[in-house]
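# Summary of structural features
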Amino acid sequence: MTPTRRYQIAFFAMGWLIALGVAFHFGLGSGLGAMYRRVASRLDLLGQRASDVEGSALTQVRRTSRREYLAPMRGMLSSAAALRNPPQTLFGAYDGGFPSDTSGLVQLEDQLRFRFPIISFYTAWGDKPDQQFPWRMVETIDRLGSVPMITWEPWVTDFDPSIRTNLPPKEEREYASLASIGKGDYDFYVVPWAKAAAEFKKPIFLRFAHEMNDPYRYPWGPQNGNRPEDFIAAWKRVHEVFEKMGATNVIWIWSPHISMPWFEYYYPGDEYVDWVGLGILNYGSVANWSRWWSFHQIFEKSYDTLAKMKKPMMICELGTLAQGGDFLEWYKQAFYHIDHTYGGVRGIIFFNQKNDTTMSSWPLNWSVIQDQQASELVARELARLSRR
Amino acid sequence: MHVWERVLVAVLIFLGVQSVAIFGVWWFHLENVSNPFLFALLSIATWYGIFRMFVGWYNFFHLEQPDHVDAPPDLSVAIFTTSSPGEPYEMFVRTLAAARDIRYPHTTYLLDDTRDPRFAELAREMGAVHLELVGYPGAKAGKINEALKRTTEEFILVLDPDHIPFPQFLDRVLGYFQPDPQIGFVQVAQAYYNPRQSFVARAAAEQTYTFYGPIMQGMHGTGTVVAIGANCTFRRSALESIGGHGIGLAEDMVTSIRLHAAGWNSIYVPEVVSRGLVPSDLDSFLKQQLKWSRGVHDVLFQEYPRAFRRLTFHQKISYFMIGSYYLVGLTSLIYFTIPLLYLWTGAQPAAIILAEYVEHAIPVGLLGLLIYRLSQRWLCDPARERGWHWRGTLLKIGAWNIYLKGLLLAVRGISVPYIPTAKERRTAATFFAMARMPLAIIAVSAVTILATIFKRLYLVEESQVRMTTEATFAMIGFVLINTVLMSGRLWAAWQDRYRKDDEEML
């Protein structure tokens, strides 16, 4: 057979070969995927064990650990009931480097001479390995002595259509996704996640489908045909699943966008919510749609409505950019108003993201420690308020 | 090759190409690229490896064996074999005797510059013509070109003096010249009689098995067979049309690329009709490899661009594939550096999710291994040569710095003095001189691992330690693998040392 002849045959066989190849690789890929999923939890466990060995070795050598700093609060931090109605203001932080890099958190805590009882991070729904229950992260936060706060984002398009054949095609999924969640279409994902959360046993703050009333941001917003009653149905469904799985260690934060009107219509009801959450981020003059807002200006219109729900309030994202106003003054006023105006606020999470590119093409710096004086002020306030 | 074998090979290669395509789409859409420069380096190393795999597949796909043609009577045939100062006399006794016993009528010429009267005497005894050729450039090639001027035979077999030809040698190759006047040379397989002599000999032999098996047969299928210094039979008019045998460190490759560029065709006969010596000690192996690496890079940078436009489509591809073989020195350096860099600075190419890597890389690896093992049915001597060839692989990785040196010398245009491949064991090199590179890698690895443990116990923040356990252990694992990969070179050096002692005691 000459090479030319061989290429001719190969060309005509191409159609069959492609079909065969696609079937072969689809089979092999999903087989390998399934095999990996079967051992994935064991691998995670192995990683956790190794990490614990390393961690205990270093705490022995150094005779100190982060967990020790938080020992006085241990009683409260290990009780979900106490955390639903804490006797003191709780502080926390999110860092942009999570989960691979924790140096940002370390830097923040060193600068503020403080160890945060809550560590906040974000995780999306989906079929990828990093979209399953974040075991390594929550266990590590626990070893470090803190309580995890998870902002849980229902990105329904991240489910693989080849495995999830009962779901509509990707491009149709986002429309009315909350109604589908409410009907239980996504229980295949919620159930194992809830089961894992229950297995963790220790308290977890869960902030599900935040800013659900903002039509400009997330796919679960009203722009996709998600009505308030759909959100409530989804919330109740997810909450029920967690109840059923025995995940009573989960503390529920309902967290609307307070600058958008009528957020109160999204409230699922007192028995489904433990905390009311909100975000206070001042974009200053970085964009044409923004201007310098003080803490008070952002909060004042919605505070009374939120207070009516009679739940402790958590500022789940607190921060300001430096552009367009007085950075130090912003924080000074914020703490003044927390003391004097907004007594319902019982939790504050610092948004320590130094390279935020979600709303702009250039990175925005939300970190409070970019300013020496502001860091000093916040350090003093943290020391004072956590004693209260 | 049966039709069903062809179909199986084609299907497997198609699946392999498809798996590489899927891997490629994933690789170049990685979201978690942490350090673009390191990622570029890692991509070069990874895709070079995949490219080498493609080289194997490409040749396997085109595998073809020539149909034997009986040699017509009364061709005029010369056998050239060369001798240089320092080469052992006994070797020529055997080689010239074997050349005399080749059945097809021929004249043997000894191209001699030893100035040793015993060699002239030996030639006379063995019925060979002795040509005293002192002072010609380029070692072997210079003498061959001078001998061409002094002889008239139409076909010339260039026989390496460390090879013992079998009596049927010429009968198996001469027939191919007759039906097609455009055939410029016929190359036969190379095989060795001393692979059991030492680890290095076994490893060096293993490195050639696939080449003389499916690869060269594939090159036969695409009309790109190259001349390999030893045991190539040339048509005189072909050699004369390009001004004689090429000169350089890879003179065989220079000769074949020029012949191909001049329009001559070539034949590969996958038969063992002679057996030779493969380097059996590390020193001579490394010298040989440096020579080849430097020479092949020269061909890639100088001969190849010059000949490019006159080569056929497949020859353009094939010479590039051969010319880039020794770039493995560069990619090995990348593989060694990346885990060390991570452990010292924390810089990494990309945060690759293990599950995704498993899903995309395993099909490529599985198909690669499957096709490799299947191709071993077409080795020249499957019973003896089949296997995973781990010794050859280890020694190839262990010689990475030599390949890199060859590349750098070629880039900077610095020449390596012509060193004939040692036919006898060298004994001058001591263990430490031969093992400097692997010992350095082992030392750097050990220091890195100890420093990492120390840093993580005393200096790195607790939270950072707890979150980076898996990544750090994985990188320590890679460092350890790199250390283990040095074991072949180290073992070879160690064996050399002992052999030296043995011989001194004798």
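Criteria and cut-off values
Residues numbered from 1 in each chain as written. Chains lettered and ligands numbered in written order. Predicted model: local features only at pLDDT ≥ 70, side-chain atom pairs only at ≥ 80, totals over all residues. Helix = DSSP H or I, 4+ residues; strand = E, 2+ residues; numbered from the N terminus. Rg over C-alpha atoms; globule rule 2.2 N^0.38 Å. Buried ≥ 20, exposed ≤ 12 C-beta atoms within 10 Å, placed from the backbone. Contact = placed C-beta atoms within 7 Å. Nonpolar A, V, L, I, M, F, W, Y, C, P; charged D, E, K, R; others polar. Domains from an automatic or database assignment. Arc of directions from axis to C-beta. Pairing = 2+ DSSP bridges. Axes fitted to C-alpha atoms, helices over the stretch in contact; angles between N-to-C directions. Right-handed = clockwise from strand over helix to strand, strands pointing away.

If you tally the helices and strands in chain B, you get 21 helices and nine strands. Against the 2.2 N^0.38 benchmark of 23 Å for 506 residues, chain B shows a C-alpha radius of gyration of 25 Å, consistent with a compact globule. In terms of overall dimensions, chain B has a C-alpha envelope of 85 × 60 × 40 Å along the principal axes. In chain B, which comprises 506 residues, the proportion classed as buried is 46%. Restricting the contact set of chain B to residue pairs at least 6 apart, pairs at least 24 apart contribute 85%.

Along its length, chain A carries 13 helices and eight strands. Evaluated residue by residue, chain A yields a buried proportion of 38% over its 388 residues. A separation of at least 24 residues holds for 77% of the contacts in chain A among residues at least 6 apart in sequence.

Across the contact, 33 residues belong to chain A and 30 residues belong to chain B. The set of elements that each furnish at least two residues to the side of chain A that touches chain B consists of α1 (3-62), α5 (103-112) and α6 (135-143) of chain A. Of the residues contributing to the side of chain A that touches chain B, the split by class is 17 nonpolar, twelve polar and four charged.

Quick look at the environment of B:H314 now. Residue and element names in this part refer to chain B. Note that H314 resides in helix α11 (residues 313-323). On a C-alpha basis, the gap between H314 and M1 in space is 21 Å, while along the polypeptide they are 313 residues apart. In contact with H314, not counting residues within four places along its chain, are T222, G223 and T224.

As a further point, take the domain arrangement of chain A. Residues and elements named next belong to chain A. Per the domain assignment, the segments making up chain A are domain 1 (1-64) and domain 2 (72-387). Put simply, the middle of domain 1 and the middle of domain 2, counted by C-alpha atoms, are 34 Å apart. The partner domain 2 presents seven residues to the eight residues of domain 1 that form the contact. Of the residues that constitute the side of domain 1 that touches domain 2, the class distribution is one nonpolar, five polar and two charged.

Residue and element names in this part refer to chain B. F119, L122 and A123 are the residues of helix α4 (residues 117-125) that are buried. The buried residues of α4 occupy an angular sector of 100° when the element is viewed end-on, so they sit on one face. When the buried face of α4 is taken as reference, the exposed residues oriented beyond 90 degrees from it are P117, R118, E121, R124 and E125. The inward-facing, buried residues of α4 contact β1 (77-83), α3 (89-100), β2 (107-112) and β3 (129-132). After α4 finishes, the residue G127 shows a positive phi value of roughly 75°.

Quick look at the sheet that holds strand β6 (residues 183-188) of chain B now. The strands making up a sheet associate through backbone hydrogen bonding, with each pair oriented either parallel or antiparallel. Residues and elements named next belong to chain B. Within the open sheet, the seven strands sit side by side as β3-β2-β1-β4-β7-β6-β8. Their pairing is mixed. Looking at the sheet topology across the chains shown, the edges are occupied by β3 and β8 (265-269). The average undirected angle you get between the axes of adjacent strands in this sheet is 20°. Both β1 and β2 contribute to a ladder of six bridges, which runs parallel. Its bridge partner lying in β2, S83 is registered against D112.

With that settled, consider the environment of A:D44. Residue and element names in this part refer to chain A. Relative to the helices and strands, D44 is located in helix α1. Residue class for D44 comes out partly exposed when judged on the 18 C-beta atoms lying within 10 Å of it. A sequence separation of 92 residues divides D44 from R136, and the C-alpha atoms of the two residues are 7.0 Å apart. Apart from residues lying up to four places away in sequence, D44 is in contact with W135 and R136.

Here we take up the pairing of β3(B). Relative to β3(B), β2(B) is paired through four bridges, and the arrangement is parallel. Paired with B:D112 across the two strands is B:E132, which belongs to β3(B).

Moving on, we come to α11(B). Considered for burial, the residues of α11(B) that qualify are B:Q315, B:S318, B:Y319, B:I322 and B:G323. End-on view of α11(B): buried residues confined to an arc of 130°, all on one side of the axis.

Turning to the sheet that holds strand β8 (residues 345-352) of chain A, a few remarks are in order. All names here are of chain A. The eight strands lie next to each other as β1-β2-β3-β4-β5-β6-β7-β8, forming a closed barrel whose pairing is parallel. Across the sheet, the mean angle from the axis of one strand to that of its neighbour is 30°, orientation sign disregarded. Examined bridge by bridge, strand β5 (residues 250-254) and strand β6 (residues 275-282) share two bridges and lie parallel to one another. Counterpart to W254 in the pairing with β6 is V276.

Below, the discussion takes up unusual backbone geometry. Across the chain, the bulk of peptide bonds are trans and the bulk of non-glycine residues have phi less than zero. Put simply, A:F98 and A:P99 share a cis peptide bond, and its omega is -5°. One non-glycine residue, B:R115, lies in positive phi territory at about 55°. Looking at the element boundaries, B:R115 is found in the loop between β2 and α4.

Right, let's get into the pairing of β8(A). Residue and element names in this part refer to chain A. Among the eight residues that make up β8, seven are buried, leaving the element largely enclosed by the rest of the structure. Across six bridges, the pairing between strand β1 (residues 90-95) and β8 is parallel. Its bridge partner being in β8, F91 is matched across the sheet by I348. For strand β7 (residues 313-320) and β8, the ladder comprises four bridges, and the chain directions are parallel. Within β8, the residue paired with M313 across the bridge is V345. Regarding the hand of the β-α-β motif, the stretch spanning β7, helix α12 (residues 327-340) and β8 is right-handed.

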